[in-house]
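# Structural characterization, general
Below are the chains, spelled out letter by letter.
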There are 2 protein chains.
Amino acid sequence: MTAFITASLSILAADGGPFSSPEWGSSVGAPCLLGVPQACARLGALAVERSTGLGDDAHQHRKNQRVSNVSVQLEMRSLWEEFNRLGTEMIVTKAGRRMFPTFQVKLSGLDPLADYVLLMDFMPLDDKRYRYAFHSSSWLVAGRADPAAPGRVHFHPDSPAKGAQWMRQIVSFDKLKLTNNLLDDNGHIILNSMHRYQPRFHVVFVDPRRDSERFAHENFKSFTFTETQFMAVTAYQNHRITQLKIASNPFAKGFRDCEPEDW
Amino acid sequence: MTAFITASLSILAADGGPFSSPEWGSSVGAPCLLGVPQACARLGALAVERSTGLGDDAHQHRKNQRVSNVSVQLEMRSLWEEFNRLGTEMIVTKAGRRMFPTFQVKLSGLDPLADYVLLMDFMPLDDKRYRYAFHSSSWLVAGRADPAAPGRVHFHPDSPAKGAQWMRQIVSFDKLKLTNNLLDDNGHIILNSMHRYQPRFHVVFVDPRRDSERFAHENFKSFTFTETQFMAVTAYQNHRITQLKIASNPFAKGFRDCEPEDW
DNA sequence: CGATTTACACCTAGGTGGAAATGT
DNA sequence: ACATTTCCACCTAGGTGTAAATCG
């Protein structure tokens with residue numbers, strides 16, 4: 001997968017699309033440490049569309065047919081919604097922490113024979129910093145946002161792959177890790193603790209044409225699921241979030257008090 | 001990686017090279033179960049060249065420059081040699097068993113910007129069936145070989161990748177599993193127990209030319225390390241092999257009696 | 001004092017050979 | 001007899017939240 005990075009960067013880096021940004025170009029020649037691509041990218045300010053269960057992309061005009069028909073279904077949506085009702089929190093650590101629930105999707109409408117790259121990034125949901133009021137069990141605005149962390153993207157490690165392969169089974173981003181270390185060199189997603197974020201999912205058609213850069217803006221489609229938004233934290237604040245994590249994450253089984261309710 | 005299989009098959013299936021075989025063509029359209037490619041291939045009878053440490057390929061004439069300069073170094077060679085002196089045995093099980101030592105190589109001489117596929121296959125070392133004589137602690141010929149198992153290849157899961165990526169660090173085939181189940185549908189390598197085998201390693205340049213099939217025979221290079229040959233078994237026969245496995249395989253640490261000698 | 005880091009017990013997931021059971 | 005299968009205790013490797021320590 002890593003070998004592909006430079007190629008996809010050159011495609012995505014083309015101006016005209018929401019992916020265009022100076023950081024793309026500067027990271028093309030960056031060294032890979034431990035085989036993990038250091039491909040960094042600050043994606044442009046694509047408006048975050050509201051979505052319910054089925055992803056949507058407001059920019060469907062002038063899209064290549066290889067992506068315009070793509071549709072995405074969020075897996076474990078009811079679990080995401082249960083967390084979202086309480087106010088989802090995701091732990092960030094220096095070494096990097098996986099998300100739970102894991103971001104998983106079911107794809108359809110891809111060209112089975114075409115190559116696609118799948119990736120995720122994270123948009124700040126607002127320009128604020130928060131703190132948790134334990135007495136009222138609620139989040140309060142604690143000021144303006146800290147300086148934005150380096151914008152990074154996470155390529156699904158199976159990228160690139162044929163549409164048929166992506167549609168064959170659920171696509172899981174379980175290798176994605178969140179960190180609060182601004183100097184992270186493991187290729188993890190860097191977020192500011194006590195800030196709110198919106199995960200985004202992107203499907204990119206790998207255009208085989210020589211001058212594919214010119215079509216970069218029409219070769220991708222983005223999806224946003226508002227039920228996956230979350231607060232980055234270094235320790236859980238809302239005790240009900242902690243309990244729901246313990247109840248639903250198999251790796252936290254050691255902290256369960258009672259019944260093995262089916263999740 | 002799996003999405004690539006059909007493409008590589010079409011390249012490798014071309015006649016003229018040692019990879020040519022009817023099985024290649026017939027497996028192109030085969031369904032993938034559990035995402036594991038069912039790409040099967042019976043490779044032609046390439047003569048097994050003797051080799052010591054550094055792999056060699058006797059067929060260097062008319063090779064593409066993208067592969068002709070490739071050289072391969074076997075990792076953990078002294079450990080392989082230690083096993084080989086005793087007569088290496090590899091367990092085969094119905095579910096599939098990893099090799100130990102793991103086949104790992106260090107590559108050089110690849111074109112950093114070109115795409116390569118790395119794969120392994122296993123050649124019968126002779127036409128015999130063996131049994132172990134415990135009284136003399138030696139292997140005896142027990143008759144002619146059983147009917148050959150379905151010839152399969154194992155693509156390194158990072159394939160395809162750029163030469164630069166393959167050369168960046170040691171390439172490990174630790175996902176490769178051996179089975180004695182002739183009906184295996186997990187894509188594992190099928191071997192006959194009580195038969196001797198020679199692992200082979202192949203570097204294939206992914207030719208971007210439209211008519212790449214015509215050049216298939218000159219776009220790969222094969223490497224054989226005689227110190228990696230082994231006897232397939234369902235249970236260890238030579239007790240000294242068992243002890244060396246226990247002493248050197250971290251997963252068998254539970255069976256160690258004494259000192260943590262550095263391996 | 002709130003936020004972050006660290007060490008840790010307790011899990012999941014899966015790779016070992018042993019020993020007993022089961023074929024052939 | 002010999003070969004194979006199955007179950008198991010014991011590992012590696014790494015994902016959990018906790019509680020205490022540390023930071024700012």
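Residues numbered from 1 in each chain as written. Chains lettered and ligands numbered in written order. Predicted model: local features only at pLDDT ≥ 70, side-chain atom pairs only at ≥ 80, totals over all residues. Heavy atoms only, no water.

## A closer look at the UniProt feature "domain: T-box" (unreviewed entry) in chain A
We count it as follows: UniProt positions are given in the numbering used here, feature names are shortened, and annotations may be inferred rather than shown by experiment. Numbering goes from the N terminus for both helices and strands, where a helix is a DSSP run of H or I of at least four residues and a strand is a run of E of at least two.
Those residues carrying the UniProt feature "domain: T-box" (unreviewed entry) are residues 74-257 of chain A in this numbering. Measuring from the first to the last C-alpha atom of residues 74-257 of chain A gives 30 Å, for a span that is 14% helix and 35% strand.

## So, the protein's contact with DNA strand D
So the rule is basically this: Being near a molecule or strand, for a residue, comes down to having at least one heavy atom within 4 Å of it. N or O atoms within 3.5 Å of each other form a polar contact, as long as, within protein, one can give a hydrogen and the other can take it, and as long as residues adjacent in sequence are counted only when both atoms are side-chain atoms. Only Asp, Glu, Lys and Arg are considered charged in this grouping, and only Ala, Val, Leu, Ile, Met, Phe, Trp, Tyr, Cys and Pro are considered nonpolar; every other residue, Gly among them, is considered polar.
Taken together, 22 residues sit near DNA strand D, with Arg97 and Tyr236 of chain A together with Asn180, Thr234 and Lys253 of chain B positioned nearest. Looking at DNA strand D alone, sugar and phosphate atoms form 79% of those within 4 Å of the protein. A distance of 2.7 Å separates a base nitrogen of DNA strand D from a polar atom in the side chain of Arg97 of chain A. Within the side chain of Tyr236 of chain A, one N or O atom sits 2.7 Å away from a phosphate oxygen of DNA strand D. Counting only elements with at least two residues in the surface near DNA strand D, the list comes to strand S3 (97-98) and helix H6 (239-248) of chain A. Looking at the surface near DNA strand D residue by residue, the class counts come to nine nonpolar, six polar and seven charged.

## Here we look at the protein's contact with DNA strand C
Taken together, 21 residues lie near DNA strand C, and Asn180 and Thr234 of chain A together with Arg97, Tyr236 and Asn249 of chain B sit nearest. What you see for DNA strand C is that sugar and phosphate hold 78% of its atoms within 4 Å of the protein. Within the side chain of Asn180 of chain A, one N or O atom sits 2.9 Å away from a phosphate oxygen of DNA strand C. Contact distances for DNA strand C include 2.9 Å between a phosphate oxygen and a side-chain N or O atom of Lys253 of chain A. Among the secondary structure elements, those contributing two or more residues to the surface near DNA strand C are strand S3 (97-98) and helix H6 (239-248) of chain B. Residue contributions to the surface near DNA strand C peak at three residues, all from H6 of chain B.

## Things to note about the pattern of salt bridges
The line we're drawing: Salt bridge, as used here: a side-chain nitrogen of Lys or Arg that lies within 4 Å of a carboxyl oxygen of Asp or Glu.
Applying the stated criterion to the full structure yields 20 salt bridges over all chains. For Asp184 of chain A, the salt bridge is made with Arg152 of chain A, and the minimal N-O distance between the two is 2.7 Å. Linking Asp184 of chain A in the loop between strand S11 (177-179) and strand S12 (189-190) with Arg152 of chain A in the loop between strand S7 (138-144) and strand S8 (154-155), this pair joins segments that are 32 residues apart in sequence. The shortest N-O distance in the salt bridge between Glu227 of chain B and Arg77 of chain B comes to 3.6 Å.

## Quick look at the environment of Gln165 of chain B
Residue and element names in this part refer to chain B. In plain terms, the rule: Three exposure classes are used, based on accessible area relative to the maximum for each residue type with a 1.4 Å probe and protein chains only: buried under 20%, partly exposed in between, and exposed over 50%.
Turning to its location among the elements, Gln165 is positioned in helix H5 (residues 163-168). Residue classification places Gln165 among the buried residues on the basis of a relative accessible area of 13%. The spatial distance from the C-alpha of Gln165 to the C-alpha of Asp115 is 9.5 Å, given a sequence separation of 50 residues. A polar atom in the side chain of Gln165 sits 3.1 Å from the side chain of Arg168.

## Here we look at H6 of chain B
Residue and element names in this part refer to chain B. Applied cut-off: By definition in these notes, contact holds between two residues if any of their heavy atoms fall within 4.5 Å.
Within H6 the residues assigned to the buried category are Ile241, Thr242, Leu244, Lys245, Ile246 and Ser248. Turning to H6, the residues buried within the fold contact helix H4 (77-86) and strand S2 (89-91). The opening residue of H6, the one whose side-chain oxygen lies 2.9 Å from the backbone nitrogen of Arg240, is Asn238.

## Here's the deal with the sheet that holds strand S10 (residues 171-172) of chain B
Convention followed: Each pair of strands is called paired provided DSSP finds at least two bridges between the two strands.
Across the sheet, which stays open at both edges, the three strands sit in the order S1-S4-S10 (chain B) with antiparallel pairing between neighbours. Two strands lie at the open edges of the sheet, namely strand S1 (71-74) and S10 of chain B, each paired on one side alone.

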